[in-house]
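Spelled out from the first residue to the last, the chains are:
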Amino acid sequence: PLLPAAWRPLALAPPRASGEPRGVARIKVEPGDFRVEERLGFDADGGSAHLLLRVEKTDANTLFVARRLARAAGLRPQDVGFAGLKDRRAVAIQWFSVPAGRPPRDLAGFEGPGFRVLDVLPHSRKLRRGALAGNRFRIVLRDVAGERQELERRLSRVAAHGAPNYFGPQRFGRDGANLESVAAWTGGGALPAEREARAFVLSAARALAFNALLASRVQAGSWDRLLPGEVV
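Structure report, in brief. These numbers were taken from a predicted model, which means no experiment stands behind them.

## Considering the pattern of salt bridges
Scanning all chains against the criterion turns up 19 salt bridges. Among the salt bridges present, the one from Asp-87 reaches Lys-28, with a minimum N-O distance of 2.8 Å. With Asp-87 in the loop between strand S4 (81-82) and strand S5 (91-99) and Lys-28 in the loop between strand S1 (23-27) and strand S2 (34-39), this residue pair connects regions lying 59 residues apart in the sequence. Since its relative accessible area comes to 19%, Asp-87 is described here as buried. The exposure class assigned to Lys-28 is partly exposed, which follows from its relative accessible area of 24%. When the shortest N-O distance is used, the salt bridge between Glu-38 and Lys-86 registers 2.7 Å. One end of the pair, Glu-38, is in strand S2; the other, Lys-86, is in the loop between S4 and S5, and 48 residues separate them in sequence. Owing to a relative accessible area of 3%, Glu-38 belongs among the buried residues under this scheme.

## Some thoughts on the environment of Ala-11
Topologically, Ala-11 is positioned in helix H1 (residues 7-12). Sequence spacing of Ala-11 and Tyr-166 is 155 residues, and the spatial spacing of their C-alpha atoms is 8.6 Å. Setting aside chain neighbours within four positions, we find Ala-11 in contact with Phe-167, Gly-168, Pro-169, Phe-172, Leu-179 and Asn-211.

Rules used in this analysis
- Residues numbered from 1 in each chain as written.
- Predicted model: local features only at pLDDT ≥ 70, side-chain atom pairs only at ≥ 80, totals over all residues.
- Heavy atoms only, no water.
- Salt bridge = Lys/Arg side-chain N within 4 Å of Asp/Glu carboxyl O.
- Helix = DSSP H or I, 4+ residues; strand = E, 2+ residues; numbered from the N terminus.
- Buried < 20%, exposed > 50% of the residue type's maximum accessible area, 1.4 Å probe, protein only.
- Contact = heavy atoms within 4.5 Å.

Put into structure tokens, the structure is as follows:
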């Protein structure tokens with residue numbers, strides 16, 4: 001079994017497929033340095049049960065925005081759907097859903113601290129976690145130091161072959177604090193009773209298990225191909 005003493009390296013500094021970095025830079029100096037746009041992979045279907053909200057948020061986390069939307073629509077926070085959590089220190093465009101109500105609530109143009117609703121579209125279903133095709137990123141690196149030719153060579157390699165897609169440190173809380181909750185739970189303790197807190201513990205545990213498996217594949221040199229018996 002994977003003991004808690006080995007968790008922090010897997011969460012915060014897992015093994016690399018291409019060796020140690022050959023350059024340094026500053027990331028997320030400003031929220032606008034990290035832009036992400038969520039792509040659902042489907043269009044609103046025109047149904048009457050729910051509304052899809054396209055929201056732009058700046059330096060605000062997803063759960064905060066979801067609670068503010070719930071309050072504005074007179075709903076419980078759990079009634080608001082979203083496909084995934086997006087970075088706080090960023091400018092992010094993502095989708096939320098709310099029950100439409102009778103008559104449908106007017107949330108077009110609604111604004112709150114650090115966010116605004118860009119579009120409101122009718123849809124038949126609540127937006128569920130994971131219900132997205134992917135994310136498009138635009139990332140600005142500042143104060144870059146390193147040999148340009150080597151950096152470009154590595155970028156070309158990633159473009160051609162990909163990279164091991166570990167869960168990053170944000171999944172494990174500030175300085176890996178969520179790992180302590182995972183250790184308490186796997187050691188026989190109870191999960192938090194509050195829904196959001198419980199979800200954070202389970203999410204960190206799943207991410208840790210994924211990173212552990214991927215790290216073993218990186219070390220074996222087999223991370224970039226399927227092995228016999230694997231189901232995808």
